[in-house]
Amino acid sequence: MGLRSVYFLFAGLLLIVGPFGTLAQAATVDYDLTISRQEFTIADRGVEAMAINGSIPGPVLQFTEGDLARIRVHNAMPIETSVHWHGVLVPPEMDGVPLVSFPPIAPGSTFTYEFPIRQSGTYWYHSHTSLQEQSGVYGAIKILPRQADHTADLDRVVMLSDWTDVEPHEVLRTLKRESDWMALEKGSSQSIFGAARLGMLGDYFARELQRMPAMDVADISYDRFLANGRSELSMADAGGKAVRLRIINGGAGTNFYLEYAGGPMTIIAADGQPVEPVEESRFLIAIAETYDVLIKVPASGAFELRATAQDGSGFASVLLGTGELHVAPDIPKPNLYQGMGSASLRQIFALTPAGTMGMADNEVKAGKFDAPGMAAMSMEMGGMDHGSSMAPMAMPGMEHGGHGMMAGSMSKAVPQAELESLFDEPQTASPPPHAGHAMPAMQNAPTGKMAADHSGKRFGTDFRPLAADVSSAGPLAVDGMSAERPWPPYEKLRAPRPTALPADKPVREIRLTLDGDMERYVWFLNNKPLSESDAIRIQEGEVVRFIMINRTMMHHPMHLHGHFFRVINGQGDHAPLKHTVDVAPMSTTVIEFDANEVGDWFFHCHLLYHLKSGMARVVSYENFTLNPQLAALRPKLYRDSWYAWGQAEILSNMTEGFVTTANTRNNLSAEWEVGWGQVDETEWEALLTWDRYINRFFTLFAGADIGNAIEDDRAVAGLRYLLPFMLETRAFVGSDGEARVTVARRFELIPRLSLDGLVQYDTDSYWEYIGGLSYTLTKDFSLRAQWHSDYRWGAGLQVRF
Ligand SMILES: [Cu+2]
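Residues numbered from 1 in each chain as written. Predicted model: local features only at pLDDT ≥ 70, side-chain atom pairs only at ≥ 80, totals over all residues. Heavy atoms only, no water.

**A few points about the coordination of the copper ion**
At the metal site, the copper ion is ligated by His-556 (ND1), Cys-605 (SG) and His-610 (ND1), and these contacts range over 2.0 to 2.1 Å. Site description for the copper ion: donor spacing in sequence, H-x48-C-x4-H. Of this pair, His-556 sits in strand β27 (residues 556–560) while His-610 is found in helix α10 (residues 608–612), placing the two residues 54 residues apart along the sequence. As far as burial versus exposure is concerned, His-556 and His-610 are alike and both buried. (Donors = N, O, S within 2.8 Å, 3.2 Å for Na, K, Ca; no water. Helix = DSSP H or I, 4+ residues; strand = E, 2+ residues; numbered from the N terminus. Buried < 20%, exposed > 50% of the residue type's maximum accessible area, 1.4 Å probe, protein only.)

Dropping the structure here:
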């Protein structure tokens, strides 16, 4: 037995001996998990997948609080892997995040995890390596308390997940190359005709005026939604029984609505931690969350528990009991055209305070304006377009429930009084009046900025404005949220025992904006991806509070490793403890935790493709010493991946296209235009550029312009800029002193059919016009007809690769 084993055994014994003074329950529970790549059957279809012990999901790991877990993970794949124990409190080196907790598990090797089980409840495990979770590397963890908490006739795990037949890296590449394909595939693409049919052309063009891309509730089109690996899971033996379901959302990219045909569900635990029982007939389980619910199954009949993907593209079913089928109701699809309607835009324009337009990145301060009362909504709108950063604006004074888009009674916002007790402290160091909420000794509170920002700014006197941007009015239901399409039931979750943190501890406040760019598919915290960040440094013994301001149109299920945090939800001292919290679109969520688990811990969006695209940080305790081997590997964590793609049009009169390779902020591209239409000799031109992405509106580039279609080969420097109404402009000057300006625009007429136009003026070669129609056939091919001012009519194929 190694030294480490002895330590853990000892620690485990202490845990048992402590409360009970007996060794009776101390047990070591062993599991062997083998991860392999194999042919697998998902919903009756053979697919290539990654399985654990030959199954998807992997086996349910069961423990009793106080056990010592010993889990050997064997990597039977030719690539690295890892397993992370989601929501389980473990020593940092057992947390299973490659390059954060430990070196990855090499091909053919075994890593033995050993940790005492310090908690009970429903949790799960999954690979934390690249996109392996999407391929099937996940399973459930069930930890029984020492004394049973709820009685039920049956106690079952329901592990929800999503499956795509497309290899996950290809999914990500497709997202990166700004293809509409997945929206087309799942029927959520937007078009002028679609808007007109709903009488929402005004909203459609108002959105485009605002330079917001068409929003969607989910990024990925999935082929299957699964419960314990099946589209339809039968629990025939549940008839007439009281059933405890441990529902886990192991989806990589899907929030699910849960509804049970046999009546309301009683939520008894969230993220493994007990809550006071609350009945819900329909609620949203965000990615990576778990809920334990109690349901009653009538003696006869098969009653459906349905998990519907939030975007309405499909569902998984659990059928409880046997006999006549009772299905759960359909959940209405969101009206995506309503994302940010014209009415709200009018309000934004009317209320945008001077001085906040065009502020850079995360330096947006609500304090730049004086919100008339804390109840005013003052959401910062740095990136309201389904995840991108438009010029930040603020929106004070928007009325709660002012119109259809506002959340109204569905508000999950933090009640005012609680917010004020959190933030509205006097600027002196006077002791807080309200244990667990106030911020003692403000001046001593470490800066809330992330280390990466190095601004050294202290909040000090800046509290009221800060409180103002924790939106206390209704959030924007940009995802079609309504009574029928609720968000997670956070405001109803109440811990049975007080969770308030000691009032005498210093508070470190960290303000994080959740940003992104849907078109480029990059996702940020404080406008920086993981690759450009430093660790968030915290200290043992302090209370750490994260204020997460979502400036995107997407939900971000934020997960902190190694801790449970309080979600400030209006339940005062009984705020629930969670490991994952969904930060809804355009809303602010506040969490806080006791910094008492020394180590380095990952903190990230659990939407797998957002995580992989940069929405992550390392939270690092100042007094933690990383082992040298891991420290040497750590820089690999910050690598910025490159993706490559291209497009070519092969027409009867010409060919044009581009190839590009891109990471978070750089593109290396070559684009060409070769025409043989109406001219004597074949003309060609190629533009080779290095583009530096500044934000989603603005890109700088430099490169070379060559070919026989221009006077002389030249070096060029220029910029791309997205104008209102989605006009894509490009301007450059050449080393020959000539300049060129191009404006292009595409109109989605109906799904699959688009009209585009381009106007170009070059001081050397003068005007050029292109107009075309494209019809999308598949992910990779479109039909195209085009008129070009130099090469005239042509038709052919557009290929994406
Ligand atoms: Cu996210």
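**Focus: the sheet that holds strand β28 (residues 565–567)**
Within a sheet, adjacent strands bond to each other through the backbone by hydrogen bonds, running parallel or antiparallel. Strands sit in the order β24-β23-β26-β31-β28-β29 across an open sheet of 6 strands; the sheet is mixed. This sheet does not close on itself; its edge strands, each paired only once, are β24 (522–525) and β29 (577–578). Inspection of the sheet shows strand β23 (residues 507–517) paired to β24 by 4 bridges, in the antiparallel sense. Residue pairing for β24: Leu-514 is matched across the bridge by Leu-525. (Pairing = 2+ DSSP bridges.)

**Overview of the sheet that holds strand β17 (residues 290–296)**
Taken in spatial order, the 6 strands make up an open sheet running β10-β9-β12-β17-β14-β15, and their pairing is mixed. What marks the edges here is a single partner per strand, and that holds for β10 (224–227) and β15 (273–280). Within this sheet the neighbouring strands show an average axis-to-axis angle of 25°, counted without direction. Bridging between strand β12 (residues 242–249) and β17 involves 7 bridges; their strand directions are antiparallel. Looking at β17, one finds that Arg-244 is bridged to Leu-294. (Axes fitted to C-alpha atoms, helices over the stretch in contact; angles between N-to-C directions.)

**So, the packing of aromatic side chains**
Between two aromatic rings, the relevant description is the distance of the centres plus the angle of the planes. In this structure the tally under the stated criterion is 20 aromatic pairs. With a centroid separation of 6.1 Å and 65° between ring planes, the pair formed by Phe-698 and Tyr-721 is classed as edge-to-face. Of the two residues, Phe-698 sits in strand β38 (residues 698–707) while Tyr-721 sits in strand β39 (residues 714–723), which places them 23 residues apart along the sequence. When its relative accessible area of 25% is taken as the criterion, Phe-698 is described as partly exposed. Assessed through its relative accessible area of 31%, Tyr-721 is described here as partly exposed. The rings of Trp-85, Phe-102, Phe-111, Tyr-113, Phe-115 and Tyr-125 are connected pair by pair, giving a single aromatic cluster. For the cation-ring pair, Arg-306 lies above Phe-315, with the distance from its terminal atom to the ring centre recorded as 4.0 Å. Here the guanidinium or amino end of Arg-720 rests over the ring plane of Phe-701, the centre of that ring lying 4.9 Å away. (Phe/Tyr/Trp six-rings, centres within 6.5 Å; stacked < 30°, edge-to-face > 60°. Lys NZ or Arg CZ within 6 Å of the ring centre and 35° of its normal.)

**Section: the pattern of salt bridges**
In this structure the tally under the stated criterion is 43 salt bridges. In this structure, Arg-244 engages Asp-292 in a salt bridge whose closest nitrogen and oxygen atoms are separated by 2.7 Å. Pair noted here: Arg-244 is in strand β12 and Asp-292 is in strand β17, with a separation of 48 residues, a long-range link. Both residues of the pair, Arg-244 and Asp-292, count as buried. Linking Asp-594 and Lys-505 is a salt bridge whose minimum nitrogen-to-oxygen distance equals 2.7 Å. With Asp-594 in strand β31 (residues 588–594) and Lys-505 in the loop between α9 (463–468) and β23, this residue pair connects regions lying 89 residues apart in the sequence. Taking the relative accessible area as the measure of exposure, Asp-594 reaches 18% and is therefore buried. (Salt bridge = Lys/Arg side-chain N within 4 Å of Asp/Glu carboxyl O.)

**Brief notes about the pairing of strand β43 (residues 766–776)**
Bridging between strand β42 (residues 753–762) and β43 involves 10 bridges; their strand directions are antiparallel. From the neighbouring strand, Leu-753 faces β43, where its bridge partner is Tyr-775. The hairpin formed by β42 and β43 contains 3 residues between the paired strands. With 7 bridges connecting them, β43 and strand β44 (residues 781–788) associate as antiparallel partners. Its bridge partner lying in β44, Gly-772 is registered against Gln-786. Hairpin connection, β43 to β44: the antiparallel pair is bridged by 4 residues.

**Considering the pairing of strand β36 (residues 666–675)**
Note: strand β35 (residues 654–662) against β36, 9 bridges, orientation antiparallel. Residue pairing for β36: Thr-661 is matched across the bridge by Leu-668. If you look at the hairpin formed by β35 and β36, you'll find 3 residues sitting between the two strands. Across 10 bridges, the pairing between β36 and strand β37 (residues 683–695) is antiparallel. Paired with Val-674 across the two strands is Trp-684, which belongs to β37.

**Topic: helix α6 (residues 201–209)**
Turning to α6, its buried residues number three or more, namely Asp-203, Tyr-204, Ala-206, Arg-207 and Glu-208. Residue Arg-211 follows α6 closely and has a positive phi angle near 65°.

**As for the environment of Asn-228**
If you trace the backbone, Asn-228 turns up in the loop between β10 and β11 (232–235). Filtering out sequence-adjacent residues up to four positions away, Asn-228 remains in contact with Ile-56, Pro-57, Val-157, Val-158, Met-159 and Leu-233. A polar contact is formed between the side chain of Asn-228 and the backbone nitrogen of Met-159, at a distance of 2.6 Å. (Contact = heavy atoms within 4.5 Å. Polar contact = N/O pair within 3.5 Å; in protein donor to acceptor, adjacent residues only side chain to side chain.)

**Thoughts on the confidence of the model for the protein**
Of all residues in the protein, 79% have pLDDT values of 70 or greater, and the mean over the chain is 82. Contacts for the low-pLDDT stretch residues 341–416, under 50 throughout, to residues beyond four places or in other chains number 221 contacts. Ignoring residues within four places in sequence, the model shows residues 423–474, a span with pLDDT below 50, making 143 contacts including any to other chains. (pLDDT = per-residue confidence, 0-100.)

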